[in-house]
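Working through the structure, step by step
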Amino acid sequence: MLAVSTKHFSKILARARLFVWSWVMLAAGGCLCHCQRATAEVQAHALFTDHAVLQRDLPLSIWGTADDGEKVTVHLGDQTAETTAQNGKWSVKLQPLPAGGPHELRISGPKNELKFSDILIGDVWICGGQSNMQWSINQCETPDKVKASANLPQLRFVQIPRTGNPQPQSTVKAKWQVSTPDSVGDLTAVGFHFGKKLHEELHVPIGLINSNIGGTAAQRWTSKETLAANPALARYAQENNSSDLYNAMIHPLAPFGIKGAIWYQGESNADNAYHYRDLFPAMIKNWRDLWGQGEFPFLFVQLAPFMQKNSEPIESNWAELREAQLMTLSKLPHTGMAVITDLGDEKDIHPVPKGPVGERLAQIARNVAYGEKSEPSGPLFDSLTIEGNKAILKFKHVGQGLEARGGELSGFTIAGEDKKFHNATAKVEGDTVVVTADAVTKPVAVRYGWANYPQVNLWNKDGLPASPFRTDDFPGLTQPK
């Protein structure tokens with residue numbers, strides 16, 4: 001009887017020990033979780049670092065992460081804002097500031113304070129696209145001379161890691177750098193020349209967000225939702241890497257305030273140039289919607305001449321891509337296009353001169369982004385009139401007048417009712433160009449620079465070349481059958 005009672009007592013004791021041990025572990029776990037929550041530090045989005053440039057004259061969005069319920073205080077200049085973290089995130093919006101600085105940005109939570117120094121207020125531009133935007137100062141013309149001119153304390157830049165992701169990301173790894181001869185060698189050459197020119201002319205700090213990767217198509221820089229919503233583009237949403245660069249290199253940047261974007265891309269879409277008519281404007285609208293800043297300036301570079309020069313008229317998918325870019329210019333407000341028909345290379349898809357490209361973008365920006373009355377474009381085709389055997393072309397953006405650079409006009413072809421194009425003679429007559437050819441007595445269409453490698457020389461006297469164009473809509477190489 002006693003033995004049975006002892007055995008029963010042993011079971012009760014074992015259960016009691018297990019019960020006590022469970023409560024001890026539960027209490028310890030609760031303490032651990034509490035300690036982890038208590039010691040979690042407030043973090044700022046990666047674009048907020050020492051030497052950052054924040055966009056002037058716009059409400060300043062500043063954001064990051066923290067534990068739910070934690071109070072976060074932000075100080076910038078003489079402004080202070082407080083908020084409480086929800087769903088692991090916090091954000092504040094400060095009043096717009098004029099160009100200037102340096103300022104200190106302080107972000108504090110219950111357990112830590114972040115201090116970022118040498119913050120400037122100026123204009124921030126995204127430098128996007130593929131390899132011709134990625135091409136660095138070290139890879140382009142006179143790199144030593146360019147780097148020697150880079151001691152510019154108010155020109156700053158940040159490199160976004162070149163990677164993709166199947167899902168939209170919320171942050172990146174980034175660190176702002178100050179322009180010096182030692183720091184800019186790997187910076188986008190187009191972006192540097194663009195930013196340097198604007199800084200010298202506007203006398204405000206300039207920040208460049210370098211977000212580009214060589215060999216990439218525009219659908220990778222566009223959200224899946226945008227692609228899927230457009231019947232002409234829906235097929236791109238099914239591609240394995242569609243939207244991956246948008247997800248990893250564009251989506252996490254918003255709503256960091258920007259002045260606008262410059263873009264050099266299209267080579268990887270030339271085989272589907274006809275679809276670029278829809279894709280490129282859709283991408284621009286996608287970015288503008290993401291930022292929620294309205295129709296911010298979006299400036300881009302038309303494809304450079306490339307591949308073999310042809311002495312006779314040909315069909316060209318590169319010409320069709322340039323046409324799609326030209327169409328985007330007329331479709332969307334606050335856009336601008338830098339034409340670089342004088343800067344090609346037959347053997348290299350990456351023409352070495354990048355200084356003129358960046359400086360032309362800066363010239364366009366002075367009009368499109370800053371409202372100056374300077375001429376933002378070379379001559380753009382406006383209308384065609386037929387008089388006998390003459391095709392008379394009128395242009396927009398004539399500026400101070402049309403001119404043929406380096407001799408007689410070149411690059412014009414003309415076709416009759418048979419739609420066969422012939423090399424033509426062209427002459428500037430006032431603000432028009434008159435085109436004729438002995439082989440065409442009743443012209444119906446004119447083309448200019450319609451080739452992989454345009455050999456052309458029509459400019460305006462404001463120093464900008466005319467865009468290639470065609471007056472016809474005959475089916476091209478990339479138009480779906």
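Residues numbered from 1 in each chain as written. Predicted model: local features only at pLDDT ≥ 70, side-chain atom pairs only at ≥ 80, totals over all residues. Heavy atoms only, no water.

As a further point, take the packing of helix α4 (residues 189-202) against helix α9 (residues 355-368). Viewed as axis vectors pointing N to C, α4 and α9 meet at an angle of 45°, and their least axial separation amounts to 7 Å. Our classification of the angle between α4 and α9 gives oblique. Of the two elements, α4 crosses α9, and the hand of that crossing is right-handed. Here α4 contributes Val 190, His 193, Phe 194, Lys 197, Leu 198, Glu 201 and Leu 202 to the contact with α9, which in turn contributes Gly 355, Val 357, Gly 358, Glu 359, Leu 361, Ala 362, Ala 365 and Arg 366. Partitioned by chemical class, the residues of the contact of α4 with α9 number 8 nonpolar, 3 polar and 4 charged. (Axes fitted to C-alpha atoms, helices over the stretch in contact; angles between N-to-C directions. Helix = DSSP H or I, 4+ residues; strand = E, 2+ residues; numbered from the N terminus. Parallel < 35°, antiparallel > 145°, perpendicular 65-115°, else oblique. Left-handed = near helix turned anticlockwise from the far one by under 90°. Contact = heavy atoms within 4.5 Å. Nonpolar A, V, L, I, M, F, W, Y, C, P; charged D, E, K, R; others polar.)

One open sheet accounts for 4 strands, arranged β15-β16-β21-β20; its pairing is antiparallel. Strands with a single pairing partner mark the edges of an open sheet, and in this sheet they are β15 (380-387) and β20 (425-429). Looking at each pair of strands side by side, their axes are set apart by 25° on average, direction ignored. Bridge count for β15 against strand β16 (residues 390-396) is 7 bridges, and the pairing is antiparallel. Residue pairing for β16: Glu 387 is matched across the bridge by Lys 390. (Pairing = 2+ DSSP bridges.)

Attention now goes to unusual backbone geometry. The omega torsion across Gly 101 and Pro 102 is 5°, close enough to zero to call that bond cis. Among the structural elements, Pro 102 can be located in strand β7 (residues 100-108). Positive phi outside glycine occurs at Asp 57, with the angle close to 60°. Structurally, Asp 57 is set in the loop between β2 (53-55) and β3 (60-65).

Of the residues in the protein chain, 92% reach a pLDDT of 70 or more, and the chain-wide mean stands at 93. When pLDDT is averaged over each element of the protein chain, strand β12 (residues 260-264) comes out on top at 99 and helix α1 (residues 2-39) at the bottom at 42. Low pLDDT, under 50, characterises residues 1-14; the predicted model gives this stretch 0 contacts beyond four residues in sequence or across chains. Taken as a whole, residues 16-39 scores under 50 in pLDDT and shows 5 contacts with residues more than four places along the chain or in a different chain. (pLDDT = per-residue confidence, 0-100.)

Its place among the elements puts Asn 210 in strand β11 (residues 206-212). Taking the relative accessible area as the measure of exposure, Asn 210 reaches 1% and is therefore buried. Among the polar contacts made by the side chain of Asn 210, one reaches the side chain of Gln 159 at a distance of 2.5 Å. (Buried < 20%, exposed > 50% of the residue type's maximum accessible area, 1.4 Å probe, protein only. Polar contact = N/O pair within 3.5 Å; in protein donor to acceptor, adjacent residues only side chain to side chain.)

What follows covers the sheet that holds strand β22 (residues 445-448). Spatially, 4 strands are ordered β19-β18-β22-β25 in an open sheet, and the strand pairing comes out antiparallel. Whereas interior strands pair on both sides, the edge strands pair on one side only; in this sheet they are β19 (421-423) and β25 (469-470).

Turning our eyes to something else, we now look at the pattern of salt bridges. Scanning the model with the defined rule gives 17 salt bridges in all. A salt bridge links Arg 277 to Glu 323; the shortest N-O distance between them is 3.2 Å. With Arg 277 in helix α7 (residues 273-291) and Glu 323 in helix α8 (residues 317-331), the pair connects residues that are 46 residues apart, well separated along the chain. Neither residue differs from the other here; Arg 277 and Glu 323 are each classed as buried. Exposure remark for Glu 323: the relative accessible area of 11% places this residue in the buried category. Taken together, the shared-partner salt bridges in this structure form one network comprising Arg 277, Glu 315, Glu 323, Arg 447, Arg 470 and Asp 472. (Salt bridge = Lys/Arg side-chain N within 4 Å of Asp/Glu carboxyl O.)

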